[in-house]
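What follows is each chain in one-letter form.
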Amino acid sequence: MILSEIPNIKHTNSNNFFLLAGPCAIEGEEMAMRIAERVITITDKLEIPYIFKGSFKKANRSRIDSFTGIGDEKALKILRKVSETFGVPTVTDIHEVSDAAKAAEYVDVLQIPAFLVRQTDLVVAAAKTGKVVNLKKGQFMSPAAMKHAVQKVKDAGSNKAWITDRGTMFGYQDMIVDFRGIPEMREFAPTILDVTHSLQQPNQVAGVTGGRPDMIETIARAGIVNNVDGLFIETHFDPANAKSDGANMLHLDNFERLMTNLVAIRKTVNNL
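Our subject in this report is the structure included herewith. Position numbers for residues count from 1 along each chain, tracking the sequence in the order it is written. Totals for whole chains, interfaces and linings use all residues, but because this is a predicted model, local features are given only for residues with pLDDT of at least 70 and pairs of side-chain atoms are given and counted only at 80 or more. Computation of side-chain values covers all heavy atoms of the structure but excludes hydrogens and water.

1. Concerning the overall build of the chain
And step 1. The helix and strand inventory of the chain stands at eight helices and 13 strands.
And step 2. Overall, the C-alpha framework of the chain stretches about 50 × 45 × 40 Å when taken along its three principal axes.
And step 3. Residues counted as buried form 54% of the 272 residues belonging to the chain.
And step 4. Within the chain, counting contacts between residues at least 6 apart in sequence, those at least 24 apart form 72% of the total.
And step 5. Summing over all exposed atoms, the chain offers an accessible surface of approximately 11,700 Å²; the carbon and sulfur share of this is 48%.
And step 6. By the counting rule applied here, Lys and Arg register as positive and Asp and Glu as negative, while His and the ends of each chain are not counted. The atoms used to mark charge sites are NZ of Lys, CZ of Arg, CG of Asp and CD of Glu. Placing the 32 positive and 32 negative side-chain charges of the chain at their respective mean positions leaves the two points 2 Å apart. In DSSP terms, a helix is any run of H or I states spanning at least four residues, a strand is any run of E spanning at least two, and both are numbered starting from the N terminus. The cut-offs for exposure are 20% and 50% of the maximum accessible area for each residue type, with area from a 1.4 Å probe on protein chains only; residues under the lower value are buried, those over the upper are exposed, and the others partly exposed. Contacts between residues were defined by any pair of non-hydrogen atoms, one from each residue, lying within 4.5 Å. Values of accessible area rely on a 1.4 Å probe in the Shrake-Rupley scheme; residue burial ignores everything except the protein chains shown.

Laid out in structure tokens, this is it:
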């Protein structure tokens, strides 16, 4: 998959990593536009190819009373408005076969959640839309096993597959990133490191996932040093009150400093 084939993608000749970033979930139009505008200003300044991320619904929740969304069509229309207003591509998760065609009308990249990446019908439905399919590595899967998910996309008639590593379960309540997996998965498809989900601390007694946002830059730097093609980072201007995954999100105020540091590291790596 050639990055420049994605509609509205910018800075593809900058020799930078590309970026998928935004809130965990679309909570409303004002918040989505506010986050998008800030991130786009930063990525344009640093010449980072950028795709705005926002989930139109959240189906993988620990508790039945957890936030799942503001309504499918309402959230998808907000994603489309972000794209049209700022001229950037967008990505969202899908959870059911019927979501694929529906979401494909609004976004440029369809993301398969880690818990669902072995669901053949879902992966095939995403591939058949003709959109890029971002396959998140299951927390329970080896890097080598992801070649089979990529092959499903190819067998469905598409060469537009990415892999995203979002960490591997380490005991019951922690995640770890095995950086040996990055070069291995890059043999199968362009590979992205999901920095913020890799720092989740799941299975908490309260039923709300914890996290280690203080380690975001540590993990992101290691990904860049190990030649990851892209980064995935969830960010919010008020993580403490975000409706989903606030415990591991990057505060929007810290976004520019992090990106500036990572671009500098990538330039150094490119010169080695």
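So that's the structure; there's more coming.
2. Let's talk about the packing of helix α7 (residues 216-225) against helix α8 (residues 255-270)
And step 1. Between N-to-C directions, angles span 0 to 180 degrees; the directions come from axes that are lines fitted to C-alpha atoms, helices contributing only their stretch in contact. Viewed as axis vectors pointing N to C, α7 and α8 meet at an angle of 25 degrees, and their least axial separation amounts to 9 Å. Considered as vectors, α7 and α8 are oriented roughly parallel to each other. In this structure, the crossing between α7 and α8 has a hand that is right-handed. Contacts from Ile-216, Glu-217, Ala-220, Arg-221, Ile-224 and Val-225 in α7 reach Arg-257, Leu-258, Asn-261, Leu-262, Ile-265, Arg-266 and Val-269 in α8.
And step 2. As a working rule, the residues Ala, Val, Leu, Ile, Met, Phe, Trp, Tyr, Cys and Pro are called nonpolar, Asp, Glu, Lys and Arg charged, and the rest polar, with Gly in that last group. Partitioning the contact of α7 with α8 into residue classes produces eight nonpolar, one polar and four charged. Angles are sorted into four bins: roughly parallel if under 35 degrees, roughly antiparallel if over 145, roughly perpendicular if 65 to 115, and oblique for all others. Here a crossing is called left-handed whenever its near helix is offset anticlockwise from the far helix by less than a right angle, and right-handed whenever the offset is clockwise.

3. Remarks on the environment of Phe-237
And step 1. Here Phe-237 lies in the loop between β12 (230-236) and β13 (250-251).
And step 2. Phe-237 sits 202 residues away from Ile-35 along the chain, and the two C-alpha atoms are 7.3 Å apart.
And step 3. Those residues in contact with Phe-237 that lie beyond four places of it in its chain are Met-31, Arg-34, Ile-35, His-251 and Leu-252.

4. Quick look at the packing of aromatic side chains
What characterises a pair of aromatic rings is the spacing of the ring centres plus the angle enclosed by the ring planes.
And step 1. Pairs were defined over the aromatic rings of Phe, Tyr and Trp, the Trp ring being its six-membered one, requiring ring centres within 6.5 Å. Orientation was assigned from the angle between planes: stacked under 30 degrees, edge-to-face over 60, tilted for the rest. Tallied over the full model, the rule gives one aromatic pair.
And step 2. Pairing Phe-18 with Trp-162 gives two aromatic rings, centres 4.8 Å apart and planes at 40 degrees, and the pair type is tilted. You can see Phe-18 sitting in strand β1 (residues 18-22) and its partner Trp-162 sitting in strand β6 (residues 161-165), a full 144 residues away along the chain. Each member of the pair, Phe-18 together with Trp-162, is buried.
And step 3. The criterion is that NZ of a Lys, or CZ of an Arg, lies within 6 Å of the ring centre and within 35 degrees of the ring normal, and then a charge sits over that ring. Geometry around Phe-237 places Arg-34 over its ring, the cationic atom sitting 3.8 Å from the centre.
And step 4. Over the ring of Phe-232 we find Lys-136; its NZ or CZ atom is 4.2 Å from the centre of that ring.

5. Quick word on the layout of surface pockets
And step 1. Taken as a whole, the second largest pocket encloses approximately 280 Å³ of empty space.
And step 2. Lining of the second largest pocket is provided by 16 residues; of these, Asn-15, Asn-16, Phe-17, Asp-229 and Arg-266 occupy positions nearest its centre.
And step 3. For the lining of the second largest pocket, a count of residues per class yields eight nonpolar, five polar and three charged. A cavity, in this analysis, means grid points on a 1 Å lattice covering only the protein atoms where a 1.4 Å probe fits yet has no way out; a pocket is instead an open set bounded by protein on both sides within 12 Å along at least five of seven lines, and a residue lines either one if it has an atom within 4 Å of a point. Grid points are joined across faces, edges and corners, and a volume is the space filled by probe spheres set on the points.

6. Focus on the pattern of salt bridges
And step 1. Salt bridges, as used here, are contacts in which a Lys or Arg side-chain nitrogen is within 4 Å of a carboxyl oxygen on Asp or Glu. For the structure on display, the rule yields 16 salt bridges.
And step 2. Here Lys-57 ties to Asp-99 by a salt bridge, and the two come within 3.3 Å at their closest N and O atoms. Here Lys-57, found in the loop between β2 (50-53) and α2 (72-86), pairs with Asp-99, found in helix α3 (residues 97-104); they are 42 residues apart in sequence, far enough to count as distant.
And step 3. We classify Lys-57 as buried; its relative accessible area is 14%.

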